[in-house]
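# Topology and contacts: notes
For reference, the chains in residue letters:
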Amino acid sequence: MTAEQTSGEFYLSIKDLWKAFGTFLALRDISLDIKEGEFICFLGPSGCGKTTLLRAIAGLDLQTRGSITQDGKDVSNLPPSERDFGIVFQSYALFPNLTIEKNIAFGLENAGRSKAEIATRVKDLLKLVGLPDQGKKYPAQLSGGQQQRIALARAIATKPGLLLLDEPLSALDAKVRVHLRHEIKELQRKLGVTTVMVTHDQEEALAMADRIVVMNHGVIEQVGSPTEVYREPSNLFVADFIGEMNQIDSAVANGGRLAIGEDSFACHAHDFSDGAAVVAAIRPEDIIPHEVGYQPESAEQNCIEVLLHEMEFLGSFWRCRLQNDRFGGAELIADFSINAVRRLGLAEGKPMIIELPADRLMAFDRSGES
Ligand code: ATP
């Protein structure tokens, strides 16, 4: 099979892509295949290269090396105008002197569509984004969330095969942001348009993406579904960047067990040799609470006694800080349900037993690899 045939299975294929700004490498050896209709999020800290990669896909910045294939066609060296995408930026970027209708119609007019077709399409799009009566207004007369819906309508007006979203929600306040992310996701499903969104907001990526591409320092750290990157992070960077993660210095001993202080724990199996220095990691919600006196049924339960040092009520659960002298002073954070706290009579300053289930206790190489 030729390379072309292989990439033909995917709507968008990025192969061995590098981008340098002078001597600085913003993207290093990026390869990624995206299926038709997928919703992909590029997620990572500021400066990791998310926007640079999106701009390379759009042709707004050309890559230094590597190729991009869209819908079976090599678009690597095509200007944006010859690629098939719609784009929405963080700042709504609507034309302030044009009405909402004219803003949405812009691409359609450029494409030479008839007046009647444009009028129908604009009406449909306004309805689609839930603003059927706003067409005659100007951008400044709409709220931020409404303007972003119009930007979305404008981006999909010509029915592009690819929708690119560059932090489209980050300028909006929290409530509007959450609301709009549902709407965008729903709209994307309805249209079935392949979508790539840049975000630094992990919650947004978890809520919206079919697959998340976690990036750091210009490389891809992991690609996976929201549950995969959250539950099975492939290295310490991903584990730490997405969600809360307890991390304790540890060493591998006795055929894959983790030695922490004087204790040794069964863990989620990884290929480490005995004696390797690793970071033991467990999510706060994976720690199971028990009362003092609880007798574990198996050693795999990894039960230890701790002091419930501090409790913080976070509405739907309690965030608890736990201490155990044998952890070398390290504190564990555990999220316990309101029911568990009530049932077990957990209270600040009291001892308790916690269970660190072996299948949720992970081990990571300190340099970042698992
Ligand atoms: P943010 O979330 O802050 O937008 P990002 O992950 O999108 O970050 P990019 O905007 O892709 O990051 O930038 C990646 C790196 O490339 C950064 O270190 C940035 O300073 C650098 N960079 C981006 N554009 C240019 C440019 N035109 N010239 C020089 N360096 C650039």
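Everything below is about the structure printed above this text.
Read on for a plain summary of the structure. All figures in this text were calculated on a predicted structure; none of them were measured in a lab. (Residues numbered from 1 in each chain as written. Predicted model: local features only at pLDDT ≥ 70, side-chain atom pairs only at ≥ 80, totals over all residues. Heavy atoms only, no water.)

## What about the sheet that holds strand β11 (residues 246-253)?
The test is simple: Think of it this way: DSSP has to see at least two bridges between two strands before they count as a pair. Secondary structure is summarised from DSSP: a helix means a run of H or I of at least four residues, a strand means a run of E of at least two, and numbering begins at the N terminus for each. Axes, fitted as lines to C-alpha atoms, cover a helix only where it is in contact. Angles between the N-to-C directions of the axes lie from 0 to 180 degrees.
One open sheet accounts for 5 strands, arranged β13-β12-β11-β14-β20; its pairing is antiparallel. Each edge of the open sheet is held by one strand with a lone partner, namely β13 (263-265) and β20 (362-365). Across this sheet, the average inter-strand angle for adjacent strands is 45°, counted without regard to direction.

## A short note on the pattern of salt bridges
Applicable threshold: Salt bridge, as applied in this entry: a Lys or Arg side-chain nitrogen positioned within 4 Å of an Asp or Glu carboxyl oxygen. Only protein chains enter the area calculation, which uses a 1.4 Å probe; residues under 20% of their type maximum are buried, those over 50% are exposed, and those in between are partly exposed.
In total, this model carries 16 salt bridges according to the counting rule given. Across the pair Arg-149 and Glu-183 runs a salt bridge, and its minimum N-O distance is 2.9 Å. One end of the pair, Arg-149, is in helix α5 (residues 144-156); the other, Glu-183, is in helix α6 (residues 174-191), with 34 residues separating them in the sequence. Exposure remark for Arg-149: the relative accessible area of 16% places this residue in the buried category. One salt bridge connects Asp-286 with Arg-231, and the closest N-O pair in it is separated by 3.2 Å. In this pair, Asp-286 is assigned in the loop between β14 (277-282) and β15 (288-290) and Arg-231 in helix α8 (residues 226-231), connecting sequence segments 55 residues apart. In this structure Asp-286 comes out as buried when scored by relative accessible area, which is 9%.

## Brief notes about the packing of aromatic side chains
Put simply, the test is: Centre distance within 6.5 Å is the pairing criterion for rings of Phe, Tyr and Trp, where only the six-membered ring of Trp is used; planes under 30 degrees apart are then read as stacked, over 60 as edge-to-face, and the remainder as tilted.
The full count for this structure, using the stated rule, is 3 aromatic pairs. An angle of 10° between the planes, with centres 5.6 Å apart, marks the rings of Phe-237 and Phe-241 as stacked. Of this pair, Phe-237 and Phe-241 are both found in helix α9 (residues 236-241), 4 residues apart, which corresponds to roughly one turn of the helix. Ring centres of Phe-313 and Trp-318 lie 5.0 Å apart, and the angle between their planes is 50°; this geometry places the pair in the tilted category.

## Focus: the site of the ligand
The condition is simple: Residues are classed as near a molecule or strand on a simple rule: at least one heavy atom within 4 Å of it. Counting of polar contacts relies on pairs of N or O atoms within 3.5 Å, with two restrictions inside protein: one atom must be capable of donating a hydrogen and the other of accepting it, and residues adjacent in sequence are counted only when both atoms are side-chain atoms. Each accessible area is a Shrake-Rupley result for a 1.4 Å probe, and residues are judged covered by the shown protein chains and nothing else.
Close to the ligand lie Phe-21, Phe-24, Ala-26, Pro-45, Ser-46, Gly-47, Cys-48, Gly-49, Lys-50, Thr-51, Thr-52 and Glu-167, which account for all nearby residues. Here Gly-47 contributes a backbone N or O atom positioned 2.7 Å from an oxygen atom of the ligand. Burial of the ligand by the protein chains amounts to 58% of its free accessible area of 620 Å². Mapped by element, the contributors of at least two residues to the shell around the ligand are β2 (24-34) and α2 (50-58). Looking at which element gives the most residues to the shell around the ligand, the answer is α2, with 3 residues.

## Re the nonpolar core
Inclusion rule: Think of a nonpolar core as a cluster: buried Ala, Val, Leu, Ile, Met, Phe, Trp, Tyr and Cys residues, connected wherever their side-chain atoms sit within 4.5 Å. Throughout, a residue-residue contact means that at least one pair of heavy atoms, one from each residue, lies within 4.5 Å.
Core analysis: the largest hydrophobic core is formed by 42 residues, its most contacted members being Ile-104, Ile-150, Leu-165, Ile-184 and Ile-242. No other element matches the 6 residues that α5 contributes to this core. Setting aside chain neighbours within four positions, we find Leu-165 in contact with Phe-39, Leu-54, Val-88, Leu-152, Ile-184, Thr-195, Val-196, Met-197 and Val-198. Grouped together as the second largest cluster of nonpolar side chains are 29 residues, Val-252, Val-278, Ala-334 and Ala-363 included.

## Comments concerning the sheet that holds strand β1 (residues 12-21)
A sheet is described by the order of its strands in space; here 4 strands give the open sequence β2-β1-β4-β5, paired in antiparallel fashion. Of all the strands in the sheet, just β2 and β5 (73-74) have a single pairing partner and so form its edges. Relative to β5, strand β4 (residues 65-70) runs antiparallel, the two being bridged by 2 bridges. By the bridge assignment, Gln-70 is partnered in β5 with Lys-73. Its contacts with the sheet put α2 on β1, β2 and β4, and the angle it makes with β1 is roughly 120°.

## Some remarks on the pairing of strand β17 (residues 317-323)
Alignment of strand β16 (residues 303-313) against β17, held across 6 bridges, turns out to be antiparallel. From the neighbouring strand, Leu-308 faces β17, where its bridge partner is Leu-322. Linking two consecutive strands that pair antiparallel, namely β16 and β17, is a turn of 3 residues; a positive phi of about 90° is found at Gly-315 within it. By the bridge criterion, 7 bridges tie β17 to strand β18 (residues 331-337) in an arrangement that is antiparallel. In the sheet register, Arg-319 faces β18, and the bridge partner there is Asp-335.

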